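# Reading the structure
Here is how the chains run, residue by residue.
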Amino acid sequence: MSTAPAAPAFDPAALHRDSVVFNALDCTPLNWADEIYLGKLAASGVTAVNHAVSISQDYDAAAAGIAGWQRRLAETGGRVFQGHGLADVDRAHAEGTVAWFAGFEDSKPVGEDLWRLHALYQMGLRFMGLTYQNRNYAADGSGESANGGLSRFGRALIKECNDLGVALDLSHTGERSTLETIELSEKPVLVTHAGLTRFVDSPRNKSDQVVRELAARGGVFGLAAKSGFLSPSGLTQGADPEVFADNIDHLVDLVGIDHVIVGTDVGDERKYSKAGMARVRRLYPEIPIVGDDLNLDIIHPEGMGTPADLPRITEVLARRGYGADDITAVLGGNLRRVLAHIWDTRR
């Protein structure tokens, strides 16, 4: 796609307002899920969201996290409600509310007992990362230099997720385990929030090979709105929405518009602190999320740093010359199509 600015033949704001917008990853912690955060959700125009309830916790903590969010959602008067399937996305779009889906960024809560997956599914778990950065019972995360493949349990877990209708997310999973999961899974899998090694050669980002294999099996890719994922100078100079669009262009050139989704990995910005980000750097030095100076202001591309900023994606894609149908596909249509397959347990 050309990067030359061009006036779109439609109103991007109206298109965004009228579209189903499904953000494949919001990472706002429960303690920031107040009225200020709800106001940002409303301003974003989001219809549905996969919410990272648990990053990498054990079963009890992760289950308590879902229960805590359920209590909070009950206090919103129906403005945000827990979703369990695509009918809830349709309901939210019709009502102007938000369908909230429970997701984990790691299968650590399952441990090595598949009954836990069933119990969590009954609580509403619909998205699950196979790993976070470290090795677990299923596979190696992208922070593991050994880059081991799937374990025997990991293979059983993938089959169980397919059978239950839990969408598998490989955003944090190592290269070998990612490729093996794509090949083994009977249903499409997701990368909801990652970058591309084409732009930043980090183990946290995904190679062109992964993107091609993902798309070939029907999967979709969400680009994380993190400056350090998007640009080699992102950790020192930040990035802007045009850099985000450059990455989108590469995805489209590689596999086509039908395999691109929204997955910003942006949570309420009040959650960030220098102490917290220093801890992230210490635990996961391979993640290019913040530089040595711990500059919180450039973690996200300019104007894309809060949950309210989803309309910026529509604006920048319209400027790049993407048509209305392509933009609505990215905003929600592509993920909806894939989830219809993943969540259909009759298959």
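Higher on the page you've got the structure.
To start, this report covers the structure provided alongside it. Residue positions are counted from 1 within each chain, in the order its sequence is given. Local features in this predicted model are restricted to residues of pLDDT 70 or higher, and side-chain atom pairs are both shown and tallied only at a pLDDT of 80 or more, whereas totals for entire chains, interfaces and linings draw on every residue. Neither water nor hydrogens contribute to the side-chain values; these are computed over all heavy atoms in the structure.

### Looking at the overall build of the protein
Counting from the N terminus, the helices are DSSP H or I runs at least four residues long and the strands are E runs at least two residues long. Along the protein, the regular secondary structure elements total 14 helices and nine strands. At 18 Å, the protein has a C-alpha radius of gyration in line with the 20 Å of a compact globule built from 347 residues. Oriented by its inertia axes, the alpha-carbon framework of the protein measures out at about 55 × 45 × 40 Å. Among the 347 residues that make up the protein, the fraction classed as buried is 59%. By definition, residues are in contact when any of their heavy atoms lie within 4.5 Å. Of the contacts made within the protein by residues no fewer than 6 positions apart, 74% connect residues no fewer than 24 positions apart. We score Asp and Glu as negative and Lys and Arg as positive, and we do not count His or the chain ends. The location of each charge is read from NZ of Lys, CZ of Arg, CG of Asp or CD of Glu. Looking at charge distribution, the protein has the averaged site of its 34 positive side-chain charges lying 3 Å from that of its 46 negative ones. Just to be clear, the radius of gyration here is over C-alpha atoms, and the globule rule we use is 2.2 Å times residues to the power 0.38. When a residue's accessible area, from a 1.4 Å probe over protein chains only, is under 20% of the maximum for its type it is buried; when over 50% it is exposed; and in between it is partly exposed.

### Considerations on the pairing of strand β4 (residues 98-104)
Taken across its seven residues, β4 has seven buried, putting it largely inside the fold. Here a crossover is taken to be right-handed if, once the strands point away from the viewer, the path from the first strand over the helix to the second is traced clockwise. In this region the chain leaves strand β3 (residues 80-82), passes through helix α4 (residues 86-95) and returns to the parallel neighbour β4; the handedness of that crossover is right-handed. We treat two strands as partners when DSSP finds at least two bridges between them. With three bridges joining them, β4 and strand β5 (residues 125-129) adopt parallel strand pairing. Bridged to Phe104 within β5 is Met128. For the segment spanning β4, helix α5 (residues 114-123) and β5, crossover handedness is right-handed.

### Comments concerning the pairing of β5
Two faces make up the sheet, and in a regular strand the side chains alternate between them. Most of β5 is tucked away: five of the five residues are buried. Where β5 and strand β6 (residues 167-169) come together, three bridges link them in parallel fashion. Pairing of Phe127 across the sheet is with Ala167, part of β6. Considered for its hand, the β-α-β crossover made up of β5, helix α6 (residues 152-164) and β6 is right-handed.

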